[in-house]
Amino acid sequence: MKKFVNDPKQFVPEMLKGLALANPDTLTYDPEANLIARADAPRDDKVSIVQGSGSGHEPAHVMVVGKGMLDAACPGDVFAAPPTDYVVAAARRVNSPKGVLLLVNNYTGDKMAFEMAEEFADAEGIKVKTLFIDDDVAVKDSTYTIGRRGVAGNFFVIKAVGAASEAGAELDEVVRIGQKVNSVTRTMGVALTACTPPAKGSPLFELGDDEIEVGVGIHGEPGRARQKIVSADEIVDILLDPIVSDLPFADGDRVALMVNGLGGTPISELYLLYGIAHEKLVAQGITPVRSYVGEYCTSLDMAGASITLVKLDDEVEELLAAPAEIPIRTF
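How each quantity is defined
- Residues numbered from 1 in each chain as written.
- Predicted model: local features only at pLDDT ≥ 70, side-chain atom pairs only at ≥ 80, totals over all residues.
- Heavy atoms only, no water.
- Axes fitted to C-alpha atoms, helices over the stretch in contact; angles between N-to-C directions.
- Helix = DSSP H or I, 4+ residues; strand = E, 2+ residues; numbered from the N terminus.
- Parallel < 35°, antiparallel > 145°, perpendicular 65-115°, else oblique.
- Contact = heavy atoms within 4.5 Å.
- Nonpolar A, V, L, I, M, F, W, Y, C, P; charged D, E, K, R; others polar.
- Expected span 1.5 Å × (residues − 1).
- Buried < 20%, exposed > 50% of the residue type's maximum accessible area, 1.4 Å probe, protein only.
- Arc of directions from axis to C-beta.
- Salt bridge = Lys/Arg side-chain N within 4 Å of Asp/Glu carboxyl O.
- Phe/Tyr/Trp six-rings, centres within 6.5 Å; stacked < 30°, edge-to-face > 60°.
- Lys NZ or Arg CZ within 6 Å of the ring centre and 35° of its normal.
- Pairing = 2+ DSSP bridges.

Here the focus is the packing of helix α5 (residues 171-183) against helix α8 (residues 314-321). Remark: α5 packs on α8, axes separated minimally by 11 Å, with the N-to-C direction vectors making an angle of 105 degrees. Compared by their axis directions, α5 and α8 come out roughly perpendicular. Contact residues: Glu 173, Arg 176, Ile 177, Lys 180 and Val 181 in α5; Glu 315, Val 316 and Leu 319 in α8. A breakdown of the residues in the contact of α5 with α8 according to their chemical character gives four nonpolar, no polar and four charged.

What follows is the structure, encoded as structure tokens:
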């Protein structure tokens, strides 16, 4: 498999250096802690928001550092949790009098790293809390998680807590908002191909030319089933039905609908899936009022997609509509 790579061990640092060099007015890079932070962080008038996880999911999370989103991101290596000292360094770097909120996708390694980091940061006198994101309906428990996995729905939690923080909310209120958004967010994904980590140089798993992995994790973990590929209409049903029934969503609900690419899917196919999902929801009396199509949380070069639904009320909709600015796009 051909990749743009020098030393695979330097893949993440070189990527982060490039990100910072491309955005010198808004981002800073600390190579000692593998840390990307807002250039204006910390600010005394807002809670600082930090997310970390393995790399390979870009634009999550290092590319959503910016106004109204994250104040810092502390990635680990590809598909590996960041070391605890990286997380502590991130909390220290953006420590604010209003506190620091650590956001964590619910994977075993990330959970351990962040829980330990919270203890160390608290011992240093940093006002800190941790929020776990677990929007994936595909599996309840797996080898990789304690409970449900955190996947593309993390974007909506970041967006909501970032907006609340920019508005000056206190730490406990920011946590409440994050928990609320997480509680009404559901995601499920499907893979058409495997992904290829730079250090491995070959696909992480094997799928036949006529096979798909239903409910795949963003690190290539197994999902609910491996089956023969079917039409796009049928794939949307396979993803959407478990999502709608899980919350459950119901006639009269207003929702945000995201179709997220996993890294190797053409945008044309994502819009095709969005159109199908939108019409299927409307037929059930569920109205998509906010739309998100593109790559938000990927799995390197995996071909595939996930669908996320967020049940909206006035508070959540207002937070998602708040302005935000990050290097790759303006929300």
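The terminal C-alpha atoms of α5, which comprises 13 residues, lie 18 Å apart, in line with the 18 Å expected from a rise of 1.5 Å per residue. Buried residues of α5: Leu 171, Val 174, Val 175, Ile 177, Gly 178, Val 181 and Asn 182, and no others. Along α5, the residues classed as buried sweep out an arc of 160 degrees about the axis, all on the same side. Close packing links the buried residues of α5 with β3 (48-52), β5 (100-105), β6 (128-133), α4 (154-166), β7 (185-191) and α8.

Evaluation of the coordinates by the stated rule reveals 23 salt bridges. In this structure, Glu 166 engages Arg 43 in a salt bridge whose closest nitrogen and oxygen atoms are separated by 3.2 Å. Of the two residues, Glu 166 is situated in helix α4 and Arg 43 in the loop between β2 (35-38) and β3; the sequence distance between them amounts to 123 residues. Residue Glu 166 is classed as partly exposed on the basis of its relative accessible area, which comes to 22%. The exposure class of Arg 43 is partly exposed, given its relative accessible area of 23%. Lys 46 is the salt-bridge partner of Asp 71, the closest N and O atoms lying 2.7 Å from each other. Placement of the pair is Asp 71 in the loop between β3 and β4 (72-73) and Lys 46 in the loop between β2 and β3, with a sequence separation of 25 residues. As far as burial versus exposure is concerned, Asp 71 and Lys 46 are alike and both buried.

Let's shift gears to the packing of aromatic side chains. The final tally for this structure, using the stated rule, is five aromatic pairs. Measuring from ring centre to ring centre gives 5.2 Å for Phe 155 and Phe 156, while their planes differ by 80 degrees; the resulting arrangement is edge-to-face. One exposure class covers both Phe 155 and Phe 156, and it is buried. Measuring from centroid to centroid gives 6.2 Å for Tyr 292 and Tyr 296, while their planes differ by 75 degrees, and the two rings are edge-to-face. For the residue pair Tyr 292 and Tyr 296, the accessibility class agrees, reading buried in each case. Put simply, the rings of Phe 155, Phe 156, Tyr 292 and Tyr 296 touch in pairs and so form one group of aromatic residues. Between the NZ or CZ atom of Lys 111 and the centre of the ring of Phe 132, over which it lies, the distance is 3.9 Å. When the ring centre of Phe 249 is taken as reference, the NZ or CZ atom of Lys 311 above it lies at 5.7 Å.

The next subject is the sheet that holds β3. Ordered in space as β1-β2-β4-β3-β5-β6, the six strands form an open sheet in which the pairing is mixed. Either end of the sheet is taken by a strand with one partner, and the two such strands are β1 (27-30) and β6. By the bridge criterion, four bridges tie β1 to β2 in an arrangement that is antiparallel. In the sheet register, Tyr 29 faces β2, and the bridge partner there is Ile 36. Here helix α2 (residues 84-93) sits on the sheet in contact with β1, β2, β3 and β5, set at roughly 15 degrees to β2. Running over the sheet, α5 touches β3, β5 and β6 and is turned about 5 degrees from β6.

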